[in-house]
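Understanding the architecture of this molecule
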Amino acid sequence: MENIIEIKNLYKKYKSAEEFSVNDISLNIDKNEIYGILGPNGAGKTTLISMLSGLIKPTSGTFKINGLSPQKDGFKLRQIIGIVPQEYALYPTLTAKENLMFFGSLYGLPHKKLKTAIDESLELMGLSKFADKKVEQFSGGMKRRCNLIAGTLHNPKVLFLDEPTVGVDVQSKKAIIDYLLDLNKKGTCIIYTSHHLSEAEEFCTKIAIIDHGKIHAVGTPEELVNRVASAENLEDVFISLTGKELRDVVV
Ligand SMILES: Nc1ncnc2c1ncn2[C@@H]1O[C@H](COP(=O)(O)OP(=O)(O)OP(=O)(O)O)[C@@H](O)[C@H]1O
């Protein structure tokens, strides 16, 4: 076991808000994990991973990623993390390949290495034959697949994903999960937020259940199910811990 992320007493209160959106979270994440942050709407999932990925600043508390802190080592930190937000960060009038060349060059990858990484990733994602099509012609699922490639071309040590499979078709979902499993096998620690309990149960090695900005439970899917008497699956655990039904949290 080797922690790649160490979070200590992290808080976030937005200026316009009355309550803390993240309220005293402490968490260690091992470098080999596929770590699911699960919780209902407004639980604080996006706020938590936005802080960890450097998009917003914590109100208080500290965290380190691979021993680096955002205050002291911001530049180095940005080189080892990947971020895939919910919204597409792609240029619609550029082709998939042009988009990926653009984003890959932002990571400073040499041209030849970048071209190889793009070709391999498009192949893995089942998008090779669409490489020269404009992204505006893509379906939502194809855009998401392309978005994921754009955030991972530099082979990050830690990848933050916000709801990577929400609202995508079955084929894209499978491609995304297979791609993430492959990245994890090659050494990327994956932290992802989700509403999909059954997907998380299958896919995650560890899960944190979060609600009202606090962590309610942490464990492997199996540990969580065993911890709650009469729970048969993660959905039962979720209802028991948050008092919310799955239908309340599916967007
Ligand atoms: N920019 C902001 N300004 C003020 N309040 C915010 C802001 N962003 C989020 N919040 C509030 O913080 C809380 C947590 O929101 P957050 O988006 O982190 O939750 P979430 O678990 O990701 O929810 P969802 O699944 O709906 O995306 C909510 O009460 C939300 O209204």
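For the structure given in this document, a descriptive report is provided here. (Residues numbered from 1 in each chain as written. Predicted model: local features only at pLDDT ≥ 70, side-chain atom pairs only at ≥ 80, totals over all residues. Heavy atoms only, no water.)

1. A few points about helix H2 (residues 70-80)
Given 3.6 residues per turn, any residue in an α-helix points the same way as the ones three and four places further on. The set of residues buried in H2 consists of Gly74, Leu77 and Ile80. All buried residues of H2 fall inside an arc of 145° around its axis, so they share one side. Turned more than 90 degrees away from the buried face of H2, the exposed residues are Lys72, Phe75 and Lys76. Buried residues belonging to H2 abut strand S4 (60-65), strand S5 (81-84) and strand S6 (158-162). (Buried < 20%, exposed > 50% of the residue type's maximum accessible area, 1.4 Å probe, protein only. Helix = DSSP H or I, 4+ residues; strand = E, 2+ residues; numbered from the N terminus. Arc of directions from axis to C-beta. Contact = heavy atoms within 4.5 Å.)

2. Structural notes on the nonpolar core
Membership of the largest hydrophobic core comes to 47 residues, with the highest contact counts inside it found for Leu148 and Leu180. If one sorts the elements of this core by residue count, helix H6 (residues 170-185) sits on top with six residues. (Core = buried A, V, L, I, M, F, W, Y, C linked by side-chain atoms within 4.5 Å.)

3. Some points on unusual backbone geometry
Of note, Asn9 is a non-glycine position whose phi angle comes to about 45°, a positive value. Relative accessible area serves as the criterion here: at 39%, Asn9 is assigned to the partly exposed category. You will see that Asp24, though not glycine, has its phi angle at about 65°, which is positive. Along the chain, the position of Asp24 falls in strand S2 (residues 22-30).

4. Some details on the site of the ligand
As a matter of local geometry, the ligand sits amid 13 residues, with Ser21, Gly42, Lys45, Thr46 and Thr47 nearest to it. The contact in question runs from an oxygen atom of the ligand to an N or O atom on the side chain of Ser21, over 2.6 Å. For the ligand, an oxygen atom lies 3.0 Å from a polar atom in the backbone of Ala43. Protein contact buries 60% of the 630 Å² of open area that the ligand shows by itself. The residue inventory of the shell around the ligand, partitioned by class, reads three nonpolar, eight polar and two charged. (Near = heavy atom within 4 Å. Polar contact = N/O pair within 3.5 Å; in protein donor to acceptor, adjacent residues only side chain to side chain. Areas by Shrake-Rupley, 256 points an atom, 1.4 Å probe, with all protein chains shown as cover. Nonpolar A, V, L, I, M, F, W, Y, C, P; charged D, E, K, R; others polar.)

5. Regarding the sheet that holds S2
Taken together, the three strands give an open sheet; going across it, the order is S2-S1-S4, and neighbouring strands pair in antiparallel fashion. Here the strands that pair on one side only, and so sit at the sheet edges, are S2 and S4. If you compare each strand with its neighbour and ignore which way they point, the axes differ by 10° on average. Pairing analysis gives seven bridges linking strand S1 (residues 3-12) to S2, with the strands arranged antiparallel. Within the sheet, the bridge partner assigned to Glu6 lies in S2 and is Asn28. (Pairing = 2+ DSSP bridges. Axes fitted to C-alpha atoms, helices over the stretch in contact; angles between N-to-C directions.)

6. What about the packing of aromatic side chains?
Any two aromatic rings considered together are summarised by their centre-to-centre distance and by the angle between their planes. Evaluation of the coordinates by the stated rule reveals six aromatic pairs. When the centroid spacing of 6.2 Å and the interplanar angle of 15° are considered together, the rings of Tyr91 and Phe103 count as stacked. Highlighted residues: Tyr91 in the loop between S5 and helix H3 (96-106) and Phe103 in helix H3, separated in sequence by twelve residues. Residue classification places Phe103 among the buried residues on the basis of a relative accessible area of 15%. For the pair Tyr192 and Phe203, a centre-to-centre distance of 5.2 Å together with 85° between the ring planes defines the contact as edge-to-face. Here the residue Tyr192 occupies a position in strand S7 (residues 189-194), and Phe203 occupies one in helix H7 (residues 197-203), the gap between them amounting to eleven residues. (Phe/Tyr/Trp six-rings, centres within 6.5 Å; stacked < 30°, edge-to-face > 60°.)

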